[in-house]
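Notes for the structure review
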Amino acid sequence: MRIQLVRHATLLIDYANMRLLVDPMLSDAGAMAAIQNSPQPRPNPLVALPMPVEQVLDGVHAVVVTHTHRDHWDDAAIQLVPKDLPLFCQPEDLAKMESTHFVNAAAVHDARNWSKICITRTGGHHGTGDIGKAMAPVSGYVVQNEGEPTLYIAGDTIWCREVSDAIEQFHPDVIVLNAGGARFLQGDPITMMPSDVIHVCRAAPKAKIMAVHMEAINHCLVTRDELAEEVEVAGVSVMVPDDGEVMDF
Ligand SMILES: [Zn+2]
């Protein structure tokens, strides 16, 4: 398995001889409005893609979308991702995919086999209380193949029962966490804070843990450096890739 962080939550994953594109946000820097009601309003994305968009899409065999907030599935992705690629999404987003002419979109209810890959959907909480409810639904995915490490992409969720259940059930070898402590002016963070990431590390001490979803969208306030510092103090190990960085497993 090889994972390249493109930017934010957008990943290219080479897995069982297939290339998966996860949560494509393909807009140019500054092409989207700031997330409203958040502390540092600036146009998004805050940074450019680390490579030409054609290169992001080159050789992709299937697309996996955790949810359709625009930092995971933006207008540029709707325009540029080839409409005939297999596309896996949560059931609640299928109509949206079909209405934008993704003719091979398929909902992952519980699990789905495609090529030699099993994709199982997991749950999560995109925040607490009323904000968490308003941001729902969100999903994560566990990706499995007998010759590859088991990969758990948690999606936009805080540390919660669903995340700990997924770790217990699937014993992932590699876990990708959406950090950044995204938040609005009111309420609790809606993606993982360093303390959430540390919870995951302690719940999955044998897994390699990678944190993404930082420094690209204006309401994500926790930087890579801040996260790296806190996990070091906690004595756990987390990979914090730069945009464009490739990791082999
Ligand atoms: Zn997000």
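The structure contained in this document is the topic of the report that follows. Predicted, not measured: the structure shown is a model, and the values here were computed from it. (Residues numbered from 1 in each chain as written. Predicted model: local features only at pLDDT ≥ 70, side-chain atom pairs only at ≥ 80, totals over all residues. Heavy atoms only, no water.)

On to the pairing of strand E3 (residues 18–22), then. Where strand E2 (residues 10–15) meets E3, five bridges bridge the pair, whose relative direction is antiparallel. Bridge pairing links aspartate 14 to arginine 19 in E3. Here E2 hands over to E3 after two residues, with alanine 16 in that stretch at a positive phi of 50°. Judged from the three bridges that link them, E3 and strand E4 (residues 62–64) form a sheet pairing that is parallel. Across the sheet, residue valine 22 finds its bridge partner in E4, namely valine 64. (Pairing = 2+ DSSP bridges. Helix = DSSP H or I, 4+ residues; strand = E, 2+ residues; numbered from the N terminus.)

Once that is clear, we can look at the sheet that holds strand E9 (residues 140–144). The six strands lie next to each other as E7-E8-E9-E10-E11-E12, forming an open sheet whose pairing is mixed. Of all strands in the sheet, those bounded by a partner on one side alone are strand E7 (111–114) and strand E12 (208–212). For this sheet, the mean inter-axis angle between neighbouring strands, taken without regard to orientation, is 20°. Relative to E9, strand E8 (residues 117–122) runs antiparallel, the two sharing five bridges. Looking across to E9, one finds that cysteine 118 is bridged to glutamine 144. (Axes fitted to C-alpha atoms, helices over the stretch in contact; angles between N-to-C directions.)

Each pair of donors in an ideal four-coordinate tetrahedral metal site encloses 109.5 degrees, whereas pairs in an ideal six-coordinate octahedral site enclose 90 or 180 degrees. Within the first shell, the zinc ion binds the protein through Asp71 (OD), His72 (NE2), Asp156 (OD) and His213 (NE2), at distances of 2.1 to 2.2 Å. Counting the intervening residues between successive donors of the zinc ion yields the motif D-H-x83-D-x56-H. Of the two residues, histidine 72 sits in the loop between E4 and helix H2 (75–80) while aspartate 156 sits in the loop between strand E10 (151–153) and helix H5 (161–170), which places them 84 residues apart along the sequence. Both residues of the pair, histidine 72 and aspartate 156, count as buried. (Donors = N, O, S within 2.8 Å, 3.2 Å for Na, K, Ca; no water. Buried < 20%, exposed > 50% of the residue type's maximum accessible area, 1.4 Å probe, protein only.)

Let us look at the layout of surface pockets. Within this model, the largest pocket holds a volume of roughly 160 Å³. Every residue lining the largest pocket is listed: Ile167, His171, Pro172, Asp173, Ala204, Pro205, Lys206 and Ala207. Of the residues contributing to the lining of the largest pocket, the split by class is five nonpolar, one polar and two charged. (1 Å grid on protein atoms, 1.4 Å probe; cavity = no way out; pocket = protein on both sides within 12 Å on 5 of 7 lines; lining within 4 Å. Points joined across faces, edges and corners; volume = space filled by probe spheres on them. Nonpolar A, V, L, I, M, F, W, Y, C, P; charged D, E, K, R; others polar.)

Turning to H5, its buried residues are Val163, Ser164, Ala166, Ile167 and Phe170. What you see down the axis of H5 is that its buried residues fit within an arc of 155°, all on one side. Facing away from the buried side of H5 by over 90 degrees, the exposed positions are Arg161, Glu168 and Gln169. Looking at the packing, one finds that the buried side of H5 touches E8, E9, E10, strand E11 (174–178) and helix H6 (194–203). Two residues or fewer past H5, histidine 171 is found with a positive phi of approximately 45°. (Arc of directions from axis to C-beta. Contact = heavy atoms within 4.5 Å.)

Let us look at helix H7 (residues 224–234). Regarding H7, the residues found buried are Arg224, Leu227 and Val231. Along H7, the residues classed as buried sweep out an arc of 65° about the axis, all on the same side. Summarising the geometry of H7, the exposed residues directed more than 90 degrees from the buried face are Asp225, Glu229, Glu232 and Val233. As for H7, its buried residues are in contact with strand E1 (2–7), H6 and E12. Of the residues trailing H7, glycine 235 is marked for its positive phi of about 75°.

So, about the pattern of salt bridges. Counted according to the given criterion, the structure contains five salt bridges. Among the ionic pairs, aspartate 248 bridges to arginine 2, the shortest N-O distance being 2.7 Å. Placement of aspartate 248 in strand E13 (residues 246–248) and of arginine 2 in strand E1 is noted, with a sequence separation of 246 residues between them. On the basis of relative accessible area, arginine 2 is assigned to the partly exposed category, the value being 39%. Through salt bridges with shared partners, a single ionic network connects Glu215, Arg224 and Asp243. (Salt bridge = Lys/Arg side-chain N within 4 Å of Asp/Glu carboxyl O.)

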